[in-house]
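Reading the structure
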Amino acid sequence: MIDVRLLRDQFEETLQKEQNRGVVKEELETIKDLDEKRRELIAQTEQLKQERNVVSDTIGQLKRNKENADDKIKEMQALGQKVKVLDEELKGVNQEQHDRLARIPNLPAEGVPVGEDENENVEIHRHGEPRKFPFEIKAHWDIGEALDILDFEAGAKVSGARFVYYKGLGARLERAVYNFMLDQHQAEGYLEMITPYLVNDQAMYGTGQFPKFTEDVYQITNEGQDLTLIPTAEVPLTNYFANEILNYEDLPIKVTALSPCFRSEAGSAGRDTRGLIRMHQFNKVEMVKIARPDQSFEELESMTKNGENILEKLGLPYRRIVLCTGDMGFSASKTYDLEVWMPNQDTYREISSCSNCIDFQARRAQIRYRDKDGKPQLVHTLNGSGLAVGRTVAAIIENYQNEDGSVTIPEVLVPYMGGVTKITKENAKGF
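These numbers were taken from a predicted model, which means no experiment stands behind them. (Residues numbered from 1 in each chain as written. Predicted model: local features only at pLDDT ≥ 70, side-chain atom pairs only at ≥ 80, totals over all residues. Heavy atoms only, no water.)

Moving on, we come to the domain arrangement of the chain. Per the domain assignment, the segments making up the chain are domain 1 (4–102) and domain 2 (118–423). Taking the mean C-alpha position of each, domain 1 and domain 2 sit 45 Å from one another. Contact residues are listed per partner, giving four residues for domain 1 and nine residues for domain 2. Taking both partners together, domain 1 and domain 2 bury about 530 Å²; carbon and sulfur atoms supply 40% of that area. When the buried surface of domain 1 facing domain 2 is broken down by residue, N20, R21 and A102 rank first, second and third, together holding 83% of it. Where domain 1 meets domain 2, there are zero salt bridges. For the interface between domain 1 and domain 2, the tally reads six residue pairs in polar contact (both at pLDDT 80 or more). (Domains from an automatic or database assignment. Contact = heavy atoms within 4.5 Å. Buried area = accessible area lost by both parts, 1.4 Å probe. Salt bridge = Lys/Arg side-chain N within 4 Å of Asp/Glu carboxyl O. Polar contact = N/O pair within 3.5 Å; in protein donor to acceptor, adjacent residues only side chain to side chain.)

What follows is the structure in structure tokens.
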């Protein structure tokens with residue numbers, strides 16, 4: 001969450017930035033008023049406690065002098081009751097302020113374009129020329145079903161819409177893609193991890209998914225405990241460092257993980273109903289960095305380049321865009337999206353999102369480091385897809401399709417495919 005001190009000391013500047021993210025003035029004014037009320041109550045409580053201590057000392061003196069202390073005892077009891085009432089009021093004000101503040105998005109970084117939606121995002125650059133096809137371009141789902149390497153019908157039968165079975169060399173291709181990604185990230189200095197796929201509410205709160213986005217996830221209850229299927233490995237990777245104080249010289253820390261991701265896709269009815277673009281369950285290789293504040297924006301650039309490196313080695317045309325204030329994720333201060341070229345749709349589609357969350361998640365999850373003077377400070381957290389695996393498979397199938405319905409394997413993936421250079425109807429089973 002944002003630092004409430006910004007509302008005390010820089011209200012107008014903070015208000016302008018949050019209004020660019022869709023926050024109404026009245027909500028920030030309410031939080032500011034609650035903060036003022038909270039500080040007033042703390043001052044009143046401390047004053048009453050001091051008075052109670054003075055009366056308590058007087059009672060002790062009277063008793064030592066064998067004098068009547070009944071009036072002072074009543075006075076102390078009355079003061080104690082007032083403190084109790086104020087403590088209860090303070091507890092309520094603290095909770096309301098916390099709950100309201102927890103729903104306020106992160107402040108956009110300097111230079112982030114102001115805009116209402118994705119139409120006002122700004123393109124940074126493009127890489128690679130889209131292939132010219134001398135035949136009719138097919139969608140990845142049609143190619144995959146014709147080769148019998150993707151089975152959406154069976155996925156729907158067993159689990160419902162937006163689920164799929166990968167089969168034969170389709171499954172091998174998915175595995176090849178994420179193994180290639182993990183190997184690349186390891187070479188770039190990321191520590192590979194295998195994380196839990198179920199997390200508690202505090203972990204979801206720590207990275208900003210809760211309380212605002214509870215409708216977007218799948219939850220289970222086990223022995224009275226609510227657990228959430230992770231929407232991204234960002235959650236367990238970032239929360240690995242929750243409530244820790246890290247060493248200055250150890251930063252930045254870079255970790256990566258492959259995980260399944262589970263999303264209810266609330267509000268996406270009618271969008272990408274076919275294919276691998278918007279699934280309820282999909283694999284993703286995630287990158288997370290824990291950095292000092294002076295490092296974080298440089299680390300965002302290098303993280304985004306790590307994602308671009310995967311696309312370039314796969315030979316997939318892409319573009320990088322910077323998201324405007326109205327399209328950024330809740331926890332992000334600055335976000336780059338990488339969009340891969342999808343020939344069948346004749347457009348670029350998001351395949352990676354790399355964000356600097358500055359101290360927003362660190363404040364919620366209490367992730368700190370000791371500065372050069374040994375004083376604990378909040379870190380900056382970053383996360384990025386390196387990449388969404390299903391979307392990468394979809395992009396490979398479409399960009400590497402052949403007129404006879406086969407799919408050529410990108411050269412860098414051939415070793416991961418056991419030497420297979422092309423998926424055809426004849427070899428699609430993989431044996």
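Moving on, there is more to tell.
Here we take up the packing of helix α3 (residues 25–64) against helix α4 (residues 70–101). α4 packs onto α3 with a crossing angle of 160° between their chain directions and a minimal axis gap of 8 Å. By the angle class used here, α3 and α4 are roughly antiparallel. For α3 against α4, the interelement crossing comes out left-handed. (Axes fitted to C-alpha atoms, helices over the stretch in contact; angles between N-to-C directions. Helix = DSSP H or I, 4+ residues; strand = E, 2+ residues; numbered from the N terminus. Parallel < 35°, antiparallel > 145°, perpendicular 65-115°, else oblique. Left-handed = near helix turned anticlockwise from the far one by under 90°.)

A few words on the pairing of strand β6 (residues 218–222). Pairing of β6 with strand β7 (residues 225–229), which is carried by five bridges, proceeds in the antiparallel orientation. Paired with T221 across the bridge in β7 is D226. Remark: two residues form the turn of the hairpin made by β6 and β7, two consecutive strands paired antiparallel; E223 in that turn has positive phi of roughly 50°. (Pairing = 2+ DSSP bridges.)

Bringing the sheet that holds β6 into the picture now. Spatially, β5-β7-β6 is the arrangement adopted by the three strands of the open sheet, whose pairing is antiparallel. The sheet is open, and its two borders are formed by β5 (198–199) and β6, each paired with just one other strand.

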